[in-house]
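Tertiary structure, described
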Amino acid sequence: MAKNPETEHPVKAFGYAARDTSGFLSPFKFSRRATGERDVQFKVLYCGICHSDLHMLKNEWGFTQYPIVPGHEIVGVVTEVGHKVEKVKVGDKVGVGCLVGSCRQCEQCSNNLENYCPKQILTYGVPYTDGTITYGGYSNIMVADEHFIIRWPESLPLDKGAPLLCAGITTYSPLRYFGLDKPGVRVGVAGLGGLGHVAVKFAKAFGAKVTVISTSDGKKEEAIKHLGVDEFLVSRDPHQMQAAAGTLDGIIDTISANHPLVPLLSLLKPHGKVILVGAPEKPLELPAFPLIAGRKTVVGSAIGGLKETQEMIDFAAKHNIMPDVELIPIDYVNTAMERLVKAEVKYRFVIEIENPS
Ligand SMILES: [Zn+2]
Ligand SMILES: [Zn+2]
């Protein structure tokens, strides 16, 4: 594993990497493997910036290996396919999300839940089956096994659609799994950022009535006018929270900072669920009584399997669901990270990867 990233594989690649816990990203030469018989190689055109990229860059979850090239909302055009590839051909538009590998044999994999496979391989920052470290989409070229390639619908723009590969599936999957995908269901979305605004769009497309729960009313007008949110609650206003108590069937909790769960639990009807998709660094406080009193659930959910991710992308194309994005050049990425920390983006940065060589 002491191999040089620039020479360990035959295909020259270029990206932006962080070398230490400062998380500062700078130009990085590395290499990609030769296209295997079931591999798809593609030219990366756009890559979304996910909040987890930020956590990983700074080793906030404690397992980052440097140098790290982040990025798991990757879209582009196929440049080469192995001879056994059936899913796509050269010239097709494709995407890769959070996963590039799994065991393909376990119970979870057999049920199209690669996202819960204990041997899943993340798109960046972990060892691949050949022992080399995976590098993500802040780079000009990508290669992945065709099983982990998403076919991109013609009608879905690559730039705006890219964040669906993480933010989209992370919210779509729990809405579906927990039955919050039906007309008239009352869905709460806690936190209106990259994940939250996509959760709103999917929930609205399913016909749900959507309540956004935010710490301030700064995004209220935009949420109601632009995103079509039905109700907007300021979590710090006890009167508003009291008035809305017991009204929601489920809440997609996208907040990645530490925050109290009890106010969210109080908004649920009996049997309601708070579904955690954000990942705060510290443990959340979970008192028993608010759960017991209404047989309520606090549960987590992680992205989705490959079959469901394709279904989500096709659904988004059909219903014209696109994240709101701000396109940036790759040399703006450090500034983008600073703005992301301060939540100064509506709602997702997408890097335009243009020939960074
Ligand atoms: Zn992500
Ligand atoms: Zn598996």
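These figures come from a predicted structure and were not determined experimentally. (Residues numbered from 1 in each chain as written. Chains lettered and ligands numbered in written order. Predicted model: local features only at pLDDT ≥ 70, side-chain atom pairs only at ≥ 80, totals over all residues.)

**Points about helix α5 (residues 194-205)**
For clarity, the threshold we go by: Here a helix means four or more residues in a row that DSSP labels H or I, a strand means two or more in a row labelled E, and each is numbered from the N terminus. Expected span of a helix, by definition, is 1.5 Å for each gap between consecutive residues, and there is one gap fewer than residues. Exposed residues have 12 or fewer other C-beta atoms within 10 Å of their own C-beta, buried residues have 20 or more, and residues in between are partly exposed; the C-beta atoms are placed from the backbone.
Taking 1.5 Å per residue, 12 residues should reach 16 Å; α5 reaches 17 Å between its end C-alpha atoms and fits that length. G194, L195, G196, H197, V198, A199, V200, K201, F202 and A203 are the residues of α5 that are buried. Positive phi shows up at G207, right after α5, with a value of about 90°.

**Topic: helix α4 (residues 167-177)**
Residues that lie three or four places apart on an α-helix share one face, since the helix turns once every 3.6 residues. Condition: By definition, residues are in contact whenever their C-beta atoms, placed on the basis of the backbone, come within 7 Å of each other.
The buried fraction of α4 is high, at nine of 11 residues. Regarding α4, the residues found buried are A167, G168, I169, T170, T171, Y172, S173, P174 and L175. In this structure, the buried residues of α4 make contact with α5, β13 (248-253), β14 (268-276), α10 (306-318) and β17 (348-352). A positive phi of about 70° marks G179, the residue just after α4.

**Observations regarding the environment of G91**
Relative to the elements of secondary structure, G91 occurs in the loop between β4 (74-81) and β5 (93-96). When the 8 C-beta atoms within 10 Å are taken as the criterion, G91 is described as exposed. Along the primary structure G91 and T79 are separated by 12 residues, whereas in three dimensions their C-alpha atoms are 6.4 Å apart.

**Brief notes about the sheet that holds β14**
Rules: What makes two strands pair is DSSP finding at least two bridges between them. Convention adopted: a line fitted to C-alpha atoms gives each axis, helices being fitted over their contacting stretch, and angles between N-to-C directions are expressed from 0 to 180 degrees.
Pairing is parallel across the open sheet formed by six strands, whose spatial order is β12-β11-β10-β13-β14-β15. Both edges of this open sheet fall to β12 (231-234) and β15 (297-300), since each of them pairs with a single strand only. Taking the axes of each pair of neighbouring strands and ignoring which way they run, one obtains an average angle of 20° across the sheet. With five bridges joining them, strand β10 (residues 186-190) and strand β11 (residues 209-214) adopt parallel strand pairing. Opposite R186, over in β11, you have K209 as the bridge partner. Relative to β10, α5 is tilted by about 170°, and along the sheet it contacts β10, β11 and β13.

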